[in-house]
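# Working through the structure, step by step
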Amino acid sequence: MVFLFSVGREAVYVLHRSSLSIPRSNSSSPQSFLSIVWHWTLNMTESFINISVDWYNIMESKHMDLFLIPTVLLTSVTMLVNPVLSLCILCFPSLRQETRYLLLANTLFADMLFLTVNLAMVSCNSVGLKMPYTLCKFMMVSMVMTYSCSVLTVTLMVVDTYVAVRWPLRYKDILPPSRAKKIIMSLWVMAAVCPVSLLVMFEVVMGRNQQSCPLCLVLIALHSLEQKMKVGVHLYFIIAVSLCTALIVYCYIHLYIITKTSGIWRSRYSRARMTLLAHTLLLMMYFVPALVFAVELALLKRETKDDLGVWIELVNMCVLMLLPRCCTPYLYILRYREIYETVQQVLWKKRHQSQRSAA
């Protein structure tokens, strides 16, 4: 959830010189109100740029541009499989008619968009490329929306499994593919609520100053907001993560209660136990970066040059957010026989065609 700008350090000096001291006044005229609002916005922008300059200096001195290496590696490993797996699901009717595979395809699509935008941001930051303000806004909206959509879709996949086990005879009627497509569209709309709200907040933070900055992180921009706005952001994260976590725990507990008499849990290394363990780890990897971000936002201090905070933010952005997206396609290929056979069929067909053309 991080996005980058670029600016010279002179912006801080100019901003200090141009700060206006608003005299206290008991007047409630519109001019007085507008001047107070402008002064408040200018202070937030000044704080935003000051912290950005400090973090940029820390990154430059510690050679943190090397974080581009794990970002490129994890993104490349994921992009090798994600497009193939997505096309297999969408092109083969046997997979396309399954709700769980449609949800998986949506997760893969959201992950690919997220990885593309994230790689572009990290690359621009590492090479010092200046990013236009409008492009920054677009990337910010894209990153937050795709991340939120991935988390919501993964949560819905757990619900889909619960419905399939709880009502096996009515499953096709409860969640047919046509209804699943409408639900997926609704997920994208829900995922867009957060980035649009953040976009409005960042417009307030930046005000009319649409210059570039040395380093612009969504973490720093949110930290520069007024206290009431920050409380709203925290509430959003806490409520969203809590609801998704509670829903997942509820579904898993009831799945265990429903299936414990069937004998699938007796063996220590049974397929059901291993599948549950793999999906639990995957879900944790999706949720942990959001929790790390929320904790960082709460602990970030306004006037402190925190090397540890910069390290944590970069590790979260360049490693933790990419790990679940890297593991997801390989997990589903290995655990689901239908997907494995379809991918194998596609790759074998391509290999056979290439050999025939070579001959």
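Computed from a prediction, not measured in an experiment: that's the story for all the values here. (Residues numbered from 1 in each chain as written. Predicted model: local features only at pLDDT ≥ 70, side-chain atom pairs only at ≥ 80, totals over all residues. Heavy atoms only, no water.)

## Structural notes on the overall build of the protein chain
The helix and strand tally for the protein chain stands at 14 helices and 0 strands. Of the regular secondary structure in the protein chain, the N- to C-terminal order runs α-α-α-α-α-α-α-α-α-α-α-α-α-α. Across the 359 residues of the protein chain, 45% fall into the buried class. When the accessible surface of the protein chain is totalled, it reaches about 19,300 Å², and 67% of it is carbon and sulfur. (Helix = DSSP H or I, 4+ residues; strand = E, 2+ residues; numbered from the N terminus. Buried < 20%, exposed > 50% of the residue type's maximum accessible area, 1.4 Å probe, protein only. Areas by Shrake-Rupley, 256 points an atom, 1.4 Å probe, with all protein chains shown as cover.)

## A closer look at the packing of aromatic side chains
This model, assessed by the stated rule, comprises 7 aromatic pairs. Summarising the aromatic geometry, the rings of Phe109 and Trp188 are spaced 6.1 Å apart at their centres and angled 65 degrees between planes, so their arrangement reads as edge-to-face. Taken together, the positions of Phe109 in helix 5 (residues 99-127) and Trp188 in helix 8 (residues 177-206) put the pair 79 residues apart, joining distant regions of the chain. Exposure remark for Phe109: the relative accessible area of 42% places this residue in the partly exposed category. Between Tyr332 and Tyr336, the aromatic rings sit 5.3 Å apart at their centres with planes inclined by 10 degrees, giving stacked as the arrangement. Taking relative accessible area as the criterion, Tyr332 reaches 8% and is therefore assigned buried. Put simply, the rings of Tyr101, Tyr332 and Tyr336 pair up and form one aromatic cluster. Above the ring of Phe114, the side-chain terminus of Arg325 is found at 4.3 Å from the ring centroid. (Phe/Tyr/Trp six-rings, centres within 6.5 Å; stacked < 30°, edge-to-face > 60°. Lys NZ or Arg CZ within 6 Å of the ring centre and 35° of its normal.)

## Some remarks on the layout of surface pockets
Approximately 830 Å³ is the volume found for the largest pocket. Together, 30 residues line the largest pocket, and Thr161, Val165, Thr275, His279 and Tyr336 are the ones closest to its centre. Broken down by secondary-structure element, the contributors of at least two residues to the lining of the largest pocket are helix 5, helix 6 (133-166), helix 10 (227-259), helix 11 (271-299) and helix 13 (323-335). Within the lining of the largest pocket, the residues separate by chemical class into 20 nonpolar, 6 polar and 4 charged. Size it by volume and the second largest pocket reaches roughly 340 Å³. In this structure, the second largest pocket is lined by 20 residues; those nearest its centre are Ser148, Leu152, Tyr236, Ala240 and Val241. Those elements giving two or more residues to the lining of the second largest pocket turn out to be helix 6, helix 8, helix 10 and helix 11. At 7 residues, helix 10 tops the list of elements feeding residues into the lining of the second largest pocket. (1 Å grid on protein atoms, 1.4 Å probe; cavity = no way out; pocket = protein on both sides within 12 Å on 5 of 7 lines; lining within 4 Å. Points joined across faces, edges and corners; volume = space filled by probe spheres on them. Nonpolar A, V, L, I, M, F, W, Y, C, P; charged D, E, K, R; others polar.)

## Overview of a nonpolar patch on the surface
A contiguous nonpolar surface patch, about 370 Å² in accessible area, is contributed by Val231, Leu235, Ile239 and Leu243. By secondary structure assignment, the location of Leu243 is in helix 10. Since its relative accessible area comes to 58%, Leu243 is described here as exposed. (Patch = residues over 30% accessible without salt bridge, like charges linked within 9 Å, V, L, I, M, F, W, Y side chains within 5 Å. Salt bridge = Lys/Arg side-chain N within 4 Å of Asp/Glu carboxyl O.)

## Side note on the packing of helix 11 against helix 13
Relative placement of two packed helices is described by the angle separating their axes and the distance separating the axes. Axis separation between helix 11 and helix 13 bottoms out at 9 Å; the angle between their running directions is 160 degrees. When the axes of helix 11 and helix 13 are compared, the pair comes out roughly antiparallel. In the crossing of helix 11 with helix 13, the sense of the turn from one axis to the other is left-handed. Contacts between helix 11 and helix 13 involve Arg271, Met274, Thr275, Ala278, His279, Leu282, Met285 and Tyr286 on the former and, on the latter, Leu323, Pro324, Arg325, Cys327, Thr328, Leu331, Tyr332 and Arg335. (Axes fitted to C-alpha atoms, helices over the stretch in contact; angles between N-to-C directions. Parallel < 35°, antiparallel > 145°, perpendicular 65-115°, else oblique. Left-handed = near helix turned anticlockwise from the far one by under 90°. Contact = heavy atoms within 4.5 Å.)

## Observations concerning helix 11
Owing to its 3.6 residues per turn, the α-helix aligns residues three or four sequence positions apart on the same side. Taking 1.5 Å of rise per residue, the 29 residues of helix 11 would be expected to cover 42 Å, and the 42 Å separating its terminal C-alpha atoms lies within 8% of that figure. Of all the bends in helix 11, the greatest reaches close to 30 degrees and is centred on Phe287; the proline Pro289 follows between one and four positions later. Listed as buried for helix 11 are Thr275, His279, Leu282, Leu283, Tyr286, Phe287, Pro289, Ala290, Phe293, Ala294, Glu296 and Leu297. (Expected span 1.5 Å × (residues − 1). Bend = angle between axes of the 7 residues up to and from the residue.)

## Here we look at the pattern of salt bridges
One pass over the full model with this rule turns up 3 salt bridges. Between Lys172 and Glu98 there is a salt bridge; the shortest N-O distance is 4.0 Å. Taken together, the positions of Lys172 in helix 7 (residues 171-174) and Glu98 in the loop between helix 4 (93-96) and helix 5 put the pair 74 residues apart, joining distant regions of the chain. By relative accessible area, which is 49% here, Lys172 ends up partly exposed. For Glu338, the salt bridge goes to Arg100, with nearest N and O atoms at 3.5 Å. One end of the pair, Glu338, is in helix 14 (residues 337-358); the other, Arg100, is in helix 5, with 238 residues separating them in the sequence. By relative accessible area, Arg100 is classed as partly exposed at 30%.

## Re empty space enclosed by the protein
Taken as a whole and assessed by the stated rule, the structure comprises 3 cavities of 30 Å³ or more. Volume-wise, the largest cavity comes out at about 70 Å³. Met59, Val122, Asn125, Ser126 and Leu314 are the residues nearest the centre of the largest cavity, which is lined by 12 residues in total. Among the secondary structure elements, those contributing two or more residues to the lining of the largest cavity are helix 5 and helix 12 (307-320). A per-class count over the lining of the largest cavity returns 9 nonpolar, 2 polar and 1 charged.

## Observations regarding the side chain of Thr146
One can find Thr146 in helix 6. Separated by 2.7 Å, the side chain of Thr146 and the backbone oxygen of Ser142 make a polar contact. Ignoring sequence-local partners within four residues, the contact set of Thr146 consists of Ala110, Leu113, Phe114 and Trp188. (Polar contact = N/O pair within 3.5 Å; in protein donor to acceptor, adjacent residues only side chain to side chain.)

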